[in-house]
Each structure stands twice: as structure tokens, then as C-alpha cells.
Amino acid sequence: MTEVSGKTLALFRKISERTGVAVEEIFHGTVCPPVDGADPEYIPWSEFCILCRNASRACGGVERLADMGAEVIELPEVGRIVGVISLFASAHTLYWANKKFSGPAMFNHLGNELEQLPNGLLSFTITIPDDYEDCPEFFYLNSGVLKTVPRLIGLREAFIELELARNKCTYIIEAPPSMTLWARIRRAFSVLFFARTALEEISAQQSLLANRYKELQATREDLERARDEALASKMAAEQALAVKSQFLATMSHELRTPLNGVLGMTQILMTTSLDDEQKRYTETIYDCGQNLLTLISDVLDFSKIEAAKLELRATPFDVVTVVERVLGMLAKQAQDQRTELGADFGDAPRMIVSDPLRIQQVLLNLIGNAVKFTSDGEVFVRLEVAEQTGDELVLRFCIRDTGIGIPEAFIPKLFMPFTQVDSSNTRSYGGTGLGLAISKEIVTRLGGHIDVASELGQGTTFTFTIRTSVATPTTSETVPRPELAQLGAYTALVVDDNATNRTVVRQCLVSWGLAVETAGNGRQALAALANKRFDIVLLDLRMPDMDGFELAQELRRQPAHQQTQVLILTASGDRGDAQRATELGIAGYLTKPFRHAQLHATVERLLKRPRPDEATPKAQPGTDSRGTLMVVDDNRINRHFAIRAFERLGYRVVGASSGHEAIALAQKQRFDLIFMDCEMPLMNGFDATRALRKIEATAAIPIVALTAHTNDEVREQCSAAGMDDYIAKPPTLETLAQTLTRWLH
């Protein structure tokens, strides 16, 4: 027992590094090279004992030396003792490993006994010769090295039992309950023991490669045929999609054209002298026509979504105007159901870049549903900024109503096509069940999402967001940026029993520089008026106990308030209300929902330029003759409706049944505006517009497309042909009046 493996020198160098003791001090008294280099294959036992004692002093004791041995052990530096243990997968392998690896083990002449015990235990016994007993430090160093065995064979945790006897130390290693040592070893070294089997399998696979290669060649030929078939199918699908798109465009035109006559003439009929029964029948016809138009529009839009034809057009626009326009469209329906409509725009930017028509479509659907399912309540729209980074922002729209609510179990199905809350709602309220599905698709395409919260019997809140950007001067240079000027330090009193409306009106007035107080009913208003004089009082007409007229009458009886301006706000104007307002000296009369610009203009007029002759409501635009119009349409009924509608609005109208006739008329007389149908035989509206633009007398006349087509391609064709605006059939009288106001006044 005179030699020890020279590889142990690396172990002592590691101890020097960990303890901070100079390597020369640990190698003091030996001829072993302290610096790593050409270490001898073996070193004398006496040299090894000196190294052990020096290392023990450096560590501060034999126990710490054992711990240090466990810390610095590395497989390449301590020989193959770990390699011996890592191969214990069977009794045969154990025997082979003990015989073959006992020579190059860490200590060449130790007697190693390895045994697999029951219950997944490993017994590792080292017999120490007598002449090793004079170096107890060796035993502790060796025990520390052996403690690392579980870690080096892949066990994060193991239970080690140490048994000491004369000339013998036995380690019993037990794997954790979650994985026995033997299962871990078999899994880790399965490749080694089954390498021969794998080689045999690889050899067998070689004989299959040739056959497989032939199969791959056949598969490639099949894939090429499948590719050709897929290309043919793709071409057929594209052709079918083109046919479907053309079908949608044709159906849109063919269905809307007769509806235009039905709804248009019904609107004109409703403006004539009818008794109550006739008026009720006419309104029923109009409502049924509108329901049919909604159904057609929803089905066509849903078909566009399925055909991937739903397109978006991002342009700068005033989002406040869009919301107010939708509220105006639904005002009559809300008035009939005695439902309050209101909106709060907060600090949201007005000018944004997105698709105003699609946003209007979503708002019209959601607010329309809210009004439809709310009676004697309120529908309120709130616009706010959810996120903003520079000019990029997420805009949130909230539509809250106090209607019948939605059962919780039905909410997950709400956005499914052709779905309604239940069959009774279909009969009671009507609808296709497509509106919400279409709205969700539009919102998703606009980069947002839509949510709903509802409580049965308490109301519903729909919330949707869109990703957009603030319109810069470059993107919105052709769009007038709305600005409402400050009105000055006036005082105002807002009287309304509806808290939401009261808050909205107050916020508007405060933003325009007024000092505002509020009252929830007539009694509270009188109390406020008794203590203070206000420049203007805004009164809701329909209030319990004391309505707006009664409060205004009481106000006029008080000398201190004779000069106070009074503005009536009402959600449902009845016949005779305007006359009574005039008799009471009320200078302003607005129907809710009003536009903020409209309220601003009215308040400014009353405060700064009060004129008694403007106390009655302002007449509809175009009631006096302000110009001559030409209506070009090959359909006699549609042409007749448009002529009668414009004549009732106070204009002189000339009709033309074709593009050629329109050109001939334009060369004979001057027109202020031309409404042009797009689809006409011989010469369509696009060609007629191009021809009119070449005539000097008609080059600058506004030309508005009046067509049953509603897709984006037609809009682009209108613009390319030189048309200035676009109205989809069937239009309402209000839409026609707004168009005239936009282009002629």
C-alpha cells in the first residue's frame, strides 16, 4: 500500500482555492507539484498523508475536511470511482464494473465491495488496509468524496447511512421515495445498455429505406396531383366568391329600389292631412318597411362578413358628431317610448381617424337596441379614453340603459348570429338576431372588443373599444375642426328631474365658462331662484309635480326674473308646445337629444343676442325656396318620391329619367344641386357625372349619388366619377334635408 493515484492532487488544489490557503502551504513537506501540470500517475502514500494533514489544518478540522471533499469533487479529477457506481444496473454489470474499474479507481489498492440490497438500497463498502490507519484524515476526506455520489449520478437528494468498523467503512445509499436509485440509473443509462440493440435496429431500418424511398416518390406524385387539384379548387372558390359578391351587390340594389318607393311615399303620405286611424295605419306601414330594410341590411352585411368583403375606410372625422347623429336618428323612437336620450363626451378628442360609417353602424345597433328595450327610462352614451400613447389611443364607448335587462344564462350566446334572447322577444320587439354579431365583427376589425353587463329588470350596459389615432392637421386638413367658443362668466340654472341629463347639461355649460347650479324639480328651482338671479334657466319640460311650463309661468310672475332667459328642453315635443312657449315669453325650445353645438348656439344667442322673433323653434332647412334641384332616376316611383320630398322642403325640382336627359337639361338651365342615381340603362350615373363635369356650366355643381348600392366599391366609383356625396336608398326626409343643408347653406 505505497501508492495513491496522482489524480488526487487536483483535489487538494481545489481545497486550497475554497479555503483561501496558499497552495504551497498545503503542498508543504511534499515533492508533489503544487501547480497543475504534468502530475505523476501515482504518488507515495507518505506524500498523500502529508497532503491530507495539511488540508485538514487548512479546513480547520477533519469534519470540515470531509465537507470540503464533498464540495470540490469533480468526476474528471477523482478518477473512475463515480463511474463504477453509475453502472450498477444489474448484478452482472455490478460484478463486471467492480473487476474492471477497481484498478483505476481513486485509490488503486483499496478493496471495493458493491452490493445491491433490498428496497432499492445500495451498499458500498471499502476495506481499508492496516497501514492506512495511521492517516485518519484520509478516512474523512474519502467519506466526503463518497457523499457526493448521489448528486453525481443525478439524485438531488438521497439518504446516506454510514457504518464504521475496523478497517472498513460502509455507505448505504437510499434514493428518495419519488424515484429509486435503480430506476434513475436505468433511465439515465438506457442508451448505453441497449446500444447494441439500437445498432441492430438501425441495420434493419436500412433495408426499409429503399422501400420507403419508393413510397416517398409515389407520395410526391400524389402531392403534386393534390396541389394541382387545390389550385383548381382555389380558382373555383375565387370565381364563386366573385359571383357571390356580384349577387350581393345586385340583391342590395334590387331590394332597396322598391323599398325606396314604399318608404319614401309613406313618409310623404305621413306629412299630409290624415285622421288618427289613417295616421296609425301609415305609421304601421312605415315601421314594417323599416324593419324589412333592417333585415335586408343585416343579412347583406353578414354575407359580406362571410365572404370576407367587409371593408373599412379610415378617414378623419368628428366622433362627437357621429354619436349625436345616431341619437338624432333614434330621437323619435325614444320620444314615442318616453325614453330619455343623452351623451357625455368628457375629455375624449373629437377629431379621430377611423371608419365613421362602421362606427355609426355599431352605435345605431347598440343604442337602437337600448331604446327598443327601454320604456319610461333612459339611455345614456359615454365616450372616454381607455388608453393613450401620444396620438395613438383606445377609445371606449359605453351605452347604458335602464331597460328590461338580459338573463345571465343568455349573455354567452348574445353575439351569435340569428340569436335572440327568446322567442317572445322576437315577436314583441322584432329583429334579425344579426346586429350584435355584425357589430362584434366590426369592432374586432377596428382593433377593439365588445362586452356586455346586465341585470334582469335593471338594465344593460354595452361597452366597446376601438383603436384609433387623433387626427393631425395633415390628416384632417379637409375636415373642419369643431370648436365651441367660451360664452363668458354668465350664471345658469339647470332644472331636470333626470340626474344624468342634468349632469350632462351642467358639464357642457361649465366647459363653456358659465357658473352653473342645478335643481332636481320645480320646488328646488324656485328655492334657488328666490336667493339668486340667473342669466339663463334651462328647464326640462316633463317633470313631476311642476312641469317646465308651470315653472316658467311662476318665474315670469316674479319681477326679479323678468329678464331671465328661459330655454325649454324636452324629449317629446307635443303639438302646441311651441305656441305655449311663445305665450310664456320663452325664448328657446330644444328637443332632446340635442347636439352640443346646437345647445351652444342656442345658449349663445339667448345670452348675447336675444331676439324675440326667434323664440319659436327654428324652421327646418329649406322651407323657403333657396334653389333648383335636379333628380335623375330611371325608376318613376323613386323619382316621384324625391321630387315630392324636395318640394315639401321648399325647393324647385326638375326630374330626369336618364343620363342623356340630365345632360340635356343641364345645358338648358342652371341647377344648384343634382341627385344622381348610379344604375340606369344606356348611360349610368357615373358616365353621366363625368359628362356633366366636362360642361363648364355644371363643372362646379354639387352632385350627390342616390343609389341602392351600399358597398365600398360603389363609394369609390362615385368619388372617381366626380360625385361629391353619397346617400344610400331608401333615404329619410331628415337625411335629404341634412344633405341639402350641408351643400347649399
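Residues numbered from 1 in each chain as written. Predicted model: local features only at pLDDT ≥ 70, side-chain atom pairs only at ≥ 80, totals over all residues. Heavy atoms only, no water.

Chemist: Help me understand unusual backbone geometry, please; the structure alone is not making it clear to me.
Modeler: Trans peptide bonds make up most of the peptide bonds, and negative phi angles are found at most residues other than glycine. The backbone of Arg338 shows a phi angle near 55 degrees, a positive value even though the residue is not glycine. With respect to the element layout, Arg338 can be found in the loop between α13 (319-336) and β8 (340-344). Even without a glycine there, the phi angle at Asp376 is positive, about 50 degrees. Accessibility expressed as a relative area gives 59% for Asp376, which makes it exposed. (Helix = DSSP H or I, 4+ residues; strand = E, 2+ residues; numbered from the N terminus. Buried < 20%, exposed > 50% of the residue type's maximum accessible area, 1.4 Å probe, protein only.)

Chemist: Explain the pattern of salt bridges to me, please; I cannot follow it from the model alone.
Modeler: Opposite charge on two side chains allows them to pair when their charged atoms are near. Under the definition given, this model contains 17 salt bridges. The residue Arg64 makes a salt bridge to Glu71 at a minimum N-O spacing of 3.1 Å. Shared partners join several salt bridges into a network, and the residues in it are Arg13, Asp36 and Asp39. (Salt bridge = Lys/Arg side-chain N within 4 Å of Asp/Glu carboxyl O.)

Chemist: Is there a simple way to explain empty space enclosed by the protein in this structure?
Modeler: On inspection of all chains with the given rule, the structure shows three cavities of 30 Å³ or more. Taken together, 13 residues make up the lining of the largest cavity; nearest its centre are Leu341, Gly342, Ala343, Val504 and Phe594. Elements with a contribution of two residues or more to the lining of the largest cavity: α13, β8 and α17 (499-511). Residue composition of the lining of the largest cavity, grouped by class: eight nonpolar, three polar and two charged. (1 Å grid on protein atoms, 1.4 Å probe; cavity = no way out; pocket = protein on both sides within 12 Å on 5 of 7 lines; lining within 4 Å. Points joined across faces, edges and corners; volume = space filled by probe spheres on them. Nonpolar A, V, L, I, M, F, W, Y, C, P; charged D, E, K, R; others polar.)

Chemist: What is the right way to look at the sheet that holds strand β18 (residues 588-591) in this model?
Modeler: Paired through backbone hydrogen bonds, the strands of a sheet run either parallel or antiparallel to each other. The five strands are arranged β15-β14-β16-β17-β18 in an open sheet whose pairing can be described as parallel. The two strands at the open ends of the sheet, each matched to only one other strand, are β15 (515-519) and β18. Averaged over neighbouring strand pairs, the angle between their axes works out to 20 degrees when direction is ignored. Of the pairings in the sheet, the one linking strand β14 (residues 491-495) to strand β16 (residues 536-540) comprises four bridges and is parallel in character. From the neighbouring strand, Val494 faces β16, where its bridge partner is Leu538. Taken strand by strand, α17 contacts β14, β15, β16 and β17 (565-570), and its axis lies near 170 degrees from that of β15. (Pairing = 2+ DSSP bridges. Axes fitted to C-alpha atoms, helices over the stretch in contact; angles between N-to-C directions. Contact = heavy atoms within 4.5 Å.)

Chemist: Looking at this structure, how should I read the pairing of strand β20 (residues 652-656)?
Modeler: Across a regular strand the side chains alternate sides, sitting on one face of the sheet and then on the other. As paired strands, strand β19 (residues 628-632) and β20 are joined by five bridges and run parallel to one another. The residue bridging Leu629 from the neighbouring strand is Val653, located in β20. One crossover worth recording links β19 to the parallel β20 by way of helix α22 (residues 636-648), and it is right-handed. (Right-handed = clockwise from strand over helix to strand, strands pointing away.)

Chemist: How should the nonpolar core be read in this particular structure?
Modeler: Nonpolar side chains in soluble globular proteins generally cluster together in the buried interior. In terms of nonpolar packing, the biggest core is built from 43 residues, with Leu363, Ile367, Leu395, Phe397, Ile399 and Phe464 touching the most fellow members. Contributions of two or more residues to this core are made by α13, β8, α14 (356-372), β10 (378-389), β11 (392-401), α16 (435-445), β12 (450-455) and β13 (459-470). Broken down by element, the residue count for this core peaks at eight residues, all from α13. When sequence neighbours within four positions are dropped, the list of residues in contact with Phe397 reads Val319, Val323, Ile359, Leu363, Arg382, Leu383, Phe462, Thr463, Phe464 and Ile466. (Core = buried A, V, L, I, M, F, W, Y, C linked by side-chain atoms within 4.5 Å.)

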